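Examination of the molecular architecture
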Amino acid sequence: VFGGVGAIPGAIVGAGVGAFTQPDDVNLGEPVWDDATDDTYDDKDAVITADGKKLAFASDRPLHSVESNRYKYGNYNIFIMDIASGAIVDTVTREDGICRYPTWSPDGKKIAFVSERDGNLEIYVIDADGSNLLRLTNNDAKDFSPVWSP
C-alpha cells in the first residue's frame, strides 16, 4: 500500500513499487496502484516524476553485468521504470551496499538519493542515466531523506 506525498509537486512516495492504473486520476496522497513488479525482490521508496512518466525506486533485485554475465544479489540500487510499459528501463546506481530514498529533481533529469558507499549514509545526486555522480554531504552523521526545492 502506498501513501504520502513527496517533497516534489507531483511526486508520490511509498513502501513498495507499483504502477498507476489510471495516471490522470491520481490525487496526491491518494494514489491508485497495481503491482507492477510481480517478483520476489524487495522494492521500496518509489517516487514518480512530476510528469508521471517514470518511477524511480530502490530494489535488491540483481544487477546484471553485461561484461561478466553474472548477477549480484542483496544490495539495494536505484532503478527506473517506465510507467506506461511497466518495464525497468535503467539502473541508476550499480554498487555493493545500499542506495535508497530516491527523489527526482523538478525537471526529472536528476535523482537525489542516500548511499552508504563511504561507510555511512550520505546524500548524493546523479543524472537519471547514471552519470555525473556528486556527493552533497560528507560527515560522520547519517544523512537521509533528500528533498528538492521547487
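Structural data are supplied above this passage.
What comes next is a walk through the structure. (Residues numbered from 1 in each chain as written. Predicted model: local features only at pLDDT ≥ 70, side-chain atom pairs only at ≥ 80, totals over all residues. Heavy atoms only, no water.)

Some details on the overall build of the chain
In plain terms, the rule: In this description a helix means any DSSP run of H or I spanning at least four residues, a strand means any run of E spanning at least two, and both kinds are numbered starting from the N terminus. When a residue's accessible area, from a 1.4 Å probe over protein chains only, is under 20% of the maximum for its type it is buried; when over 50% it is exposed; and in between it is partly exposed. Any two residues whose heavy atoms approach within 4.5 Å are treated as being in contact.
Looking only at helices and strands, the chain features zero helices and 12 strands. For the chain, the N- to C-terminal ordering of α and β elements is β-β-β-β-β-β-β-β-β-β-β-β. Taking all 150 residues of the chain together, the buried fraction comes to 43%. Of the contacts formed within the chain by residues at least 6 apart in sequence, a portion of 36% connects residues at least 24 apart.

A short note on the sheet that holds strand β10 (residues 110-115)
Selection criterion: We call two strands paired when DSSP finds no fewer than two bridges between them.
Taken in spatial order, the four strands line up as β9-β10-β11-β12 in an open sheet, and their pairing is antiparallel. The two strands at the open ends of the sheet, each matched to only one other strand, are β9 (99-104) and β12 (134-135).

Focus: the packing of aromatic side chains
Remark: the centre distance and the inter-plane angle together describe each pair of aromatic rings, the angle taken between the planes. Definition in use: Working definition: rings of Phe, Tyr and Trp (its six-membered ring) pair if their centres are within 6.5 Å, and the pair is stacked with planes under 30 degrees apart, edge-to-face with planes over 60 apart, and tilted otherwise. For a ring to carry a charge above it, either NZ of a lysine or CZ of an arginine must fall within 6 Å of the ring centroid while also lying within 35 degrees of the normal to the ring plane.
Applying the stated criterion to the full structure yields two aromatic pairs. Considering the side-chain rings of Phe57 and Phe79, the 5.9 Å spacing of their centres and the 25° angle between planes classify their relative orientation as stacked. Linking Phe57 in strand β4 (residues 54-59) with Phe79 in strand β7 (residues 77-82), this pair joins segments that are 22 residues apart in sequence. A residue is classified by how much of its surface remains accessible, and Phe57, at 0% relative accessible area, is buried. Under the relative-accessibility criterion, Phe79 is labelled buried at 3%. Consider the rings of Phe113 and Tyr124, whose centres lie 5.8 Å apart with planes at 20°: the pair is stacked. With Phe113 in strand β10 and Tyr124 in strand β11 (residues 122-127), the pair connects residues that are 11 residues apart, well separated along the chain. Of the two residues, Phe113 and Tyr124, neither departs from the other in class, the shared state being buried. Sitting over the face of the ring of Phe79, Arg61 holds its NZ or CZ atom 5.9 Å from the ring centroid. The cationic tip of Arg117 hangs over the ring face of Tyr124; the distance from NZ or CZ to the ring centre is 4.9 Å.

Observations regarding the pairing of β11
Burial of β11 is extensive: six of the six residues sit out of reach of the surface. Of the two faces of β11, the one carrying Glu122, Tyr124 and Ile126 and the one carrying Ile123, Val125 and Asp127 are both buried. With six bridges joining them, β10 and β11 adopt antiparallel strand pairing. Bridge assignment links Lys110 to a residue of β11, and that residue is Asp127. Turn length for the β10-β11 hairpin, with the two strands adjacent in sequence and antiparallel, is six residues, and the turn residue Gly119 shows positive phi of about 110°. The sheet contact formed by β11 and β12 spans two bridges and is antiparallel. What sits directly across from Val125, in β12, is Leu134. From the end of β11 to the start of β12, which pair antiparallel, there are six residues, and Gly130 there has a positive phi angle of about 90°.

Brief notes about unusual backbone geometry
At Asn132, a residue that is not glycine, the phi angle is positive and equals roughly 60°. By secondary structure assignment, the location of Asn132 is in the loop between β11 and β12. Of the residues examined, Asn132 reaches a relative accessible area of 56% and is grouped as exposed. With a phi angle near 60°, Ser145 is a residue other than glycine that sits in the positive phi range. Residue placement: Ser145 occurs in the segment after β12.

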